[in-house]
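Residue strings, one per chain:
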Amino acid sequence: MNMKKINFYEYLPQRYAATSEQVVKVRNLIYNFKSGRKEAANFAADLIVRLMWNWYGHKCNEYTIVCVPASSNAEYRHRFSYFSHVVACRCQQVNAMQHIKILGKREALHRTANHVVQDNGTYRIELDKEFFAGRKVIIFDDLVTTGTTAEHFAALLQEAGAEVKGALFIAKSVKGISKKTYWGRFAENTTKHIMQFNHR
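The chain carries the name Phosphoribosyl transferase domain protein in an unreviewed UniProt entry, which gives Segatella salivae DSM 15606 as its organism. Taken verbatim from the UniProt record of the chain, the Sequence similarities (unreviewed entry) comment is "Belongs to the ComF/GntX family."

Here is the structure:
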């Protein structure tokens, strides 16, 4: 699927050296959003709402922001419920959260630098086809790496009759200098010193 994807920031994973204060701020934003913290959800909602009004003006209520399913229904609600509520209210949209159900649980395994997602066979996403039929949707997630997850979800939405217009992400995962190298350790320490100096 050739879906338009837009991210606001670049996210440097923890295994890479933080080379600036901005890197640390984006990391904290993503961690706090995933943890369900309201200040991060409000910040992300503000990004999306301003963009929607800028793009569509008073017609932004003709679109629906749909969050990419998480590893379980409980995790999905914890991470996205407040964010979805704020965006739907401020854009005068219908909230899609209650029209998506996740059954089972998807396990995430970490092997060195690789992130492997494992389905134990019970994980399933159920979409309300009556709700999504003919609806113009924009997919949202906090973080994108390859875009495969968003594209798979877009395909499910299309099967349910939705018209997928694109995908928005807070940040896109990028590569950097490994903390294990000399230059990585140097960059990390330098950034810490600069941040300490700036916050005196």
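Next comes the rest of the description.
*Asks:* What is the right way to read the packing of aromatic side chains from this model?
*Replies:* Two descriptors summarise a pair of aromatic rings, namely the distance from one centre to the other and the angle between the planes of the rings. Per the stated rule, a full pass over the model turns up 10 aromatic pairs. Arranged with centres 5.9 Å apart and planes meeting at 65°, the rings of F33 and F140 form a pair that is edge-to-face. With a gap of 107 residues between them, F33 in helix α1 (residues 21-34) and F140 in strand β7 (residues 136-144) connect regions that are remote in the sequence. Three or more aromatic residues joined by ring pairs make a cluster, and in this case those are F33, Y76, F80, F83 and F140. Its guanidinium or amino end placed over the ring of F131, R135 lies 3.9 Å from that ring's centre, counting from NZ or CZ. Here K136 stacks its cationic end above the ring of Y63, 4.7 Å away from the centre of that ring.

*Asks:* Looking at this structure, how should I read the pairing of β7?
*Replies:* As a general feature of sheets, a regular strand has side chains that alternate between the two faces. The element β7 is largely enclosed, with a buried count of eight among its nine residues. Here strand β2 (residues 63-67) pairs with β7 via five bridges, running parallel. Along β7, the bridge assignment pairs I65 with I138. Pairing analysis gives eight bridges linking β7 to strand β8 (residues 163-173), with the strands arranged parallel. By the bridge assignment for β8, L143 is matched with A171. Taking the sense of rotation as the criterion, the β-α-β connection linking β7, helix α5 (residues 148-159) and β8 turns out right-handed.

What counts, and at which threshold
- Residues numbered from 1 in each chain as written.
- Predicted model: local features only at pLDDT ≥ 70, side-chain atom pairs only at ≥ 80, totals over all residues.
- Heavy atoms only, no water.
- UniProt positions renumbered as here; feature names shortened; annotations may be inferred.
- Phe/Tyr/Trp six-rings, centres within 6.5 Å; stacked < 30°, edge-to-face > 60°.
- Helix = DSSP H or I, 4+ residues; strand = E, 2+ residues; numbered from the N terminus.
- Lys NZ or Arg CZ within 6 Å of the ring centre and 35° of its normal.
- Buried < 20%, exposed > 50% of the residue type's maximum accessible area, 1.4 Å probe, protein only.
- Pairing = 2+ DSSP bridges.
- Right-handed = clockwise from strand over helix to strand, strands pointing away.

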